[in-house]
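The primary structure of each chain is shown beneath.
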Amino acid sequence: TYRGWFVDEGFAITRNPDARGETPLLDVLQHDFWGTALVPPEGYNTHKSFRPLVTLLYAVEWQASARFGFQGLEMQPMRLLSC
């Protein structure tokens, strides 16, 4: 269960190390919105949806929520930006 997360947010944020701030910046710039390499290895697909600013903002929010204990309302502006 995602406890209030939409299905896409589960893949775009909770299962994406780029959006959790766990990936080096230069690597984030080589990944699509979902955390897949823009030039994926054989057998993998990418949507080529390149939104590094949104991904980096998700990472900032994720790290802030981990550090300061936010509980979800602070993610609303990021959800609007990802539409």
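See the structure shown above.
Residues numbered from 1 in each chain as written. Predicted model: local features only at pLDDT ≥ 70, side-chain atom pairs only at ≥ 80, totals over all residues. Heavy atoms only, no water.

Participant: What exactly am I supposed to notice about the pattern of salt bridges here?
Facilitator: As a working rule, side chains carrying opposite charge can pair if their charged atoms are close by. Summed over all chains, the structure comprises one salt bridge. Measuring nitrogen to oxygen at the nearest pair gives 2.8 Å for the salt bridge that ties Arg20 to Glu22. (Salt bridge = Lys/Arg side-chain N within 4 Å of Asp/Glu carboxyl O.)

Participant: Explain the nonpolar core to me, please; I cannot follow it from the model alone.
Facilitator: Soluble globular proteins: nonpolar side chains tend toward being buried together. Ranked by size, the top nonpolar core spans six residues in total: Ala12, Ile13, Ala19, Phe33, Val54 and Tyr58. For this core, the secondary-structure elements that each account for two or more residues are α1 (7-14) and α3 (52-68). (Core = buried A, V, L, I, M, F, W, Y, C linked by side-chain atoms within 4.5 Å. Buried < 20%, exposed > 50% of the residue type's maximum accessible area, 1.4 Å probe, protein only. Helix = DSSP H or I, 4+ residues; strand = E, 2+ residues; numbered from the N terminus.)

Participant: How do you make sense of α3 when you look at a structure like this?
Facilitator: Each α-helix turn comprises 3.6 residues. Residues three or four places apart therefore point the same way. Between its first and last C-alpha atoms α3 spans 24 Å; for 17 residues at 1.5 Å apiece the expected length is 24 Å, and the two agree. Taken together, the buried positions of α3 are occupied by Pro52, Val54, Thr55, Tyr58, Ala59, Glu61, Ala64 and Ser65. Gly69 sits one or two residues past α3 and shows a positive phi near 75°. (Expected span 1.5 Å × (residues − 1).)

Participant: Teacher, can you tell me more about the packing of aromatic side chains here?
Facilitator: Note on aromatic pairs: each is described by the distance of the centres and the angle between the planes. In this structure the tally under the stated criterion is two aromatic pairs. Ring geometry for Phe33 against Trp34: centres 5.0 Å apart, planes inclined by 80°, an arrangement best described as edge-to-face. The class for Phe33 is buried, based on a relative accessible area of 4%. Classification of Trp34 as partly exposed rests on a relative accessible area of 26%. For the pair Phe33 and Tyr58, a centre-to-centre distance of 6.2 Å together with 50° between the ring planes defines the contact as tilted. Here Phe33 is found in the loop between α2 (25-28) and α3, whereas its partner Tyr58 is found in helix α3, with 25 residues between them in sequence. Residue Tyr58 is classed as buried on the basis of its relative accessible area, which comes to 2%. Aromatic ring contacts, followed pair by pair, group Phe33, Trp34 and Tyr58 into a single cluster. Sitting over the face of the ring of Phe33, Arg51 holds its NZ or CZ atom 4.0 Å from the ring centroid. (Phe/Tyr/Trp six-rings, centres within 6.5 Å; stacked < 30°, edge-to-face > 60°. Lys NZ or Arg CZ within 6 Å of the ring centre and 35° of its normal.)

Participant: Any chance you could explain the side chain of Asp32 here in plain terms?
Facilitator: Topologically, Asp32 is positioned in the loop between α2 and α3. In contact with Asp32, not counting residues within four places along its chain, are Asp18, Leu38, Thr46, His47, Lys48 and Ser49. (Contact = heavy atoms within 4.5 Å.)

Any functional reading would require information beyond the geometric quantities listed.
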